[in-house]
Amino acid sequence: QASAPTTFVAPTCAKPRSPSRMLFGFGGPPPPQATVTEKAFLDVSVFSAKGDVKYEVGRLELALFGEDAPKGVERFRALCAGGSSAPLKSNAFHRTMRDFIVQAGKLDDAAAFEPFEEKNALKHVEGALSMSNDAGVSTTEFFITVREAPELDGEYAVIGQVTGGMKEVIRDMDRRAGSADGEPWCTYEIS
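Values in this document were obtained by computation on a predicted structure and should not be read as measured data. Along each chain, residue indices are assigned from 1 in the same order as the chain's sequence is written. Two thresholds apply to this predicted model, a pLDDT of at least 70 for residue-level local features and 80 or more for giving and counting side-chain atom pairs, whereas whole-chain, interface and lining totals are computed over all residues. Excluding hydrogens and water, the side-chain figures rest on all heavy atoms present in the structure.

The next thing to look at is the sheet that holds strand β3 (residues 95-97). Within a beta sheet, neighbouring strands are joined by backbone hydrogen bonds and run either parallel or antiparallel to one another. Strand order across the open sheet formed by 8 strands is β3-β4-β6-β5-β7-β2-β1-β8, with antiparallel pairing between neighbours. Looking at the sheet topology across the chains shown, the edges are occupied by β3 and β8 (188-190). Put simply, the sheet's adjacent strands are angled 30 degrees from each other on average, direction ignored. When DSSP finds at least two bridges between two strands, those strands are taken to pair. Here a helix means four or more residues in a row that DSSP labels H or I, a strand means two or more in a row labelled E, and each is numbered from the N terminus. The sheet contact formed by strand β4 (residues 101-104) and strand β6 (residues 142-145) spans 4 bridges and is antiparallel. Paired with Q103 across the bridge in β6 is F143. In the packing of helix α2 (residues 70-79) onto the sheet, contacts are made with β1 (38-47), β2 (54-64), β5 (128-131), β6 and β7 (158-164), and the angle to β1 comes to roughly 50 degrees. Any two residues whose heavy atoms approach within 4.5 Å at even a single point are treated as in contact. Interaxial angles span 0 to 180 degrees and are taken between N-to-C directions of axes, which are lines fitted to C-alpha atoms, for helices over the stretch in contact. On top of the sheet, helix α3 (residues 166-175) reaches β1, β2, β3, β4, β6, β7 and β8; it is set at about 115 degrees to β2, its chief contact.

This paragraph deals with the layout of surface pockets. Only protein atoms enter the 1 Å grid used here. Points where a 1.4 Å probe fits but cannot escape make up a cavity, open sets with protein on both sides within 12 Å along at least five of seven lines make up a pocket, and a residue lines them when an atom lies within 4 Å of a point. Grid points are joined across faces, edges and corners, and a volume is the space filled by probe spheres set on the points. Roughly 230 Å³ of volume is contained in the largest pocket. Among the residues making up the lining of the largest pocket, the classes are represented as 8 nonpolar, 6 polar and 4 charged. Residues are grouped as follows: Ala, Val, Leu, Ile, Met, Phe, Trp, Tyr, Cys and Pro are nonpolar; Asp, Glu, Lys and Arg are charged; every other residue, Gly included, is polar.

With the rule as written, the count across this model stands at 1 cavity of 30 Å³ or more. The volume enclosed by the largest cavity comes to roughly 40 Å³. Residue lining of the largest cavity: F116, E118, M131, N133, S138, Y156 and A157, and that is the complete set. Grouping the constituent residues of the lining of the largest cavity by class yields 4 nonpolar, 2 polar and 1 charged.

Following this line, the structure appears as structure tokens:
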């Protein structure tokens, strides 16, 4: 004789899990907020305190929103172009502000890239990838938000979002964030 299936009932005091926690695990970014047109990957390393040994930290997987930010995505793709001549290869994350952002893309030859203006209505959720700008004009610098940052909405164009590596890479950088002005205490670079 077959017995009735056992049903598990969660205690009433249990909190429901958030969609981002269910999809990405504890502390992960929320699902992409716009149509993903392509993906990019950045391998990140950190140097020892003496700067003589390089350790692999992990890989960032980024979903790019080409329909909502065509100029920014095109620029980011150009910066990530494969091969040894990729502008971001060996580029350091030059600004880390605890529980706010990590920033990279500061190039010696940034003048070679035509400045552009772009805005959109996407939100700066945890793990948002945005182009930095100076007086509304972007060149090569980009940042990733460590937390939700509504104060940045409308000021910077969100061009993508972290879909992998948030905990391993971004949280690691944030844990070792630098001084109050954003100067990093250790060197993280794009490998």
